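Residue-level structure breakdown
One letter stands for each residue in the lines below.
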Amino acid sequence: MSVSTAAATQTICAPLPVLGRDVTVPLVTGGQVGYAALDYAASAPALQRVWDDVAAYAPYYGSVHRGAGYLSQLSTDLFENARRTVAEFLDCRADDQLVFTRSTTDSLNLLAAALPADCQVFVFETEHHASLLPWKDARVTYLDAPRTPWQAVATLESALAGRAPHGPALVCVTGASNVTGELWPVRELAAAAHAHGARIVLDAAQLAPHHPVSVRDLDVDWVAFSGHKLYAPFGSGVLAGRADWLRAAEPYLAGGGASRKVTRRQDGGVDVEWHEGAARHEAGSPNVIGAYSIASACKALTEAGFDTLVAREQYLVEKVRTGLADVPEVRILSLFGDDAPRVGVISFVVDGWNSSHFAAALSAEYGIGVRDGLFCAHPLVRTLLGSDPQSQGECGAPEAAPGEKSLNAIRVSFGAGTPDEHVDRFVTAVRELVTEGATWTYRTEDGRCVPAV
């Protein structure tokens, strides 16, 4: 990006206001500094707009679908309007169904529970565990990590061509990697799936906060994402897409709200008539605040304009990648290569450093919050690191003390609320730690690298 383009980007798009932008944290070296939250890929801060909307509604909170009182009716309208807002944000088809869940993980487990009998699932080993693991009751084909987007399409086509010609099949794929940030060829993968009689679900957890997601345009059958990555950390997620498999499945949770009619039988048992719409899989008291917060975030991002948001984020991506490229000891992890389009998620390792030690120093000495570990994508990170698949490793936890061989990586991630200063401080901190070393000593405590007292 040229200097003039970068300057224009900064002028037309300031960071969206988020909670925590004024938080200060102590440094082990003394004093305090404004906290640089660069772990958006785990949980993005709440948009100020979302927080304000939730706070304005909170006094009017009431039970959903369950009361004749004014607050209950208002909350029910709010909840169902939120469903429509999110469906519009995703550009869903007219007959699609949108279910509010707890998270992306919950959404994909719901879909897994709704698979038809003898369904075959195809999933790349590069997926986050949320989309890699829920299919335990299906016949699963795990596909090797591709090294180009086109290899991903070819790998899927080959696998689908070799399956039995009849019977249901589902492809699960990410939109943007939670490790490398790289965009996947979702539209082409959807075309390949449909050409071979399979359906496809898109894990948009890392895509929806950074890029517009159109169910129609991408031609996916379902999309799943989490509110807490979309600047709405109030415990809700979304599964949206075709209704037939969801309608035919047993309710994800049995209980009130999912049942239309329950009667006792003469033999002492009960007969249940379940709802056929979204309520079938939304048993219990719905998280109306969570659903409303997602709708609020969808409106905020739409009003800000994704073209503008994407342009500014790409400016930050290039700033980080250029800064890291100037440090020879840093190796950025990538499947598809340097030129692959990506969102604001970048993982790397540093020669001579345990990744947990490096992340701890960024926090303690510079007030920068990043993530270290295997990012709940163990097979992918191990492939990128070239490590032994049998090596120990827990999701997000280091398995080596400072100075020992690192089997994990460091991830920096950012988004619509990230100011330039946070990115500039991060790049400077990486350069200083590599060239000058940490100014503090660190030790391992309860599996984490922490400053020694």
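Being a predicted model, the structure only gives us computed values, none of them experimental.

Core analysis: the biggest nonpolar cluster contains 83 residues, and Val86, Leu90, Leu156, Leu202, Val213, Phe225 and Val238 have the highest contact counts within it. With nine residues, the single largest contributor to this core is helix H10 (residues 288-304). Residues contacting Leu156, with those up to four places away along its chain left out, are Phe122, Phe124, Leu143, Val171, Leu189 and Ala192. Formed by 34 residues, the second largest nonpolar core is a distinct cluster that contains Phe358, Val412, Ala429 and Tyr442.

So, on to the confidence of the model for the protein chain. Confidence in the prediction for the protein chain averages 91 pLDDT; 92% of positions are at 70 or higher. Confidence drops under a pLDDT of 50 for residues 1-12, and excluding neighbours within four residues, the segment shows eleven contacts in the predicted structure. Confidence drops under pLDDT 50 across residues 389-405; counting only partners more than four residues distant or on other chains, this segment forms 39 contacts.

Most of strand E7 (residues 169-174) sits inside the fold, with six of its six residues counted as buried. Looking at chain direction, strand E5 (residues 120-124) and E7 are connected through four bridges and run parallel. Looking at the pairing, Gln120 lines up with Ala169 of E7. Two strands pair when backbone bridges link them, and E7 and strand E8 (residues 199-203) are joined in this way by five bridges, in the parallel orientation. Note on E8: the bridge partner recorded for Thr174 is Asp203. You can see the chain leave E7, run along helix H7 (residues 186-195) and come back into E8, and the turn it takes is right-handed.

Here we come to the sheet that holds strand E14 (residues 345-350). Pairing between sheet strands relies on hydrogen bonds along the backbone, with the strands arranged either parallel or antiparallel. Across the sheet, four strands lie side by side as E13-E14-E17-E16; this open sheet has antiparallel pairing. Because the sheet does not close on itself, it has two edges, and the strands there are strand E13 (330-332) and strand E16 (371-373). Taking each pair of neighbouring strands and ignoring which way they run, the sheet shows an average axis angle of 30°. In this structure, E16 lies alongside strand E17 (residues 409-413), joined through three bridges in antiparallel fashion. Each bridged residue has a counterpart across the sheet, and for Asp372 the counterpart in E17 is Ile410. In this fold helix H11 (residues 306-325) packs onto E13, E14 and E17, with an angle of close to 10° to the strand it touches most, E14.

So, how was this worked out
- Residues numbered from 1 in each chain as written.
- Predicted model: local features only at pLDDT ≥ 70, side-chain atom pairs only at ≥ 80, totals over all residues.
- Heavy atoms only, no water.
- Core = buried A, V, L, I, M, F, W, Y, C linked by side-chain atoms within 4.5 Å.
- Buried < 20%, exposed > 50% of the residue type's maximum accessible area, 1.4 Å probe, protein only.
- Helix = DSSP H or I, 4+ residues; strand = E, 2+ residues; numbered from the N terminus.
- Contact = heavy atoms within 4.5 Å.
- pLDDT = per-residue confidence, 0-100.
- Pairing = 2+ DSSP bridges.
- Right-handed = clockwise from strand over helix to strand, strands pointing away.
- Axes fitted to C-alpha atoms, helices over the stretch in contact; angles between N-to-C directions.

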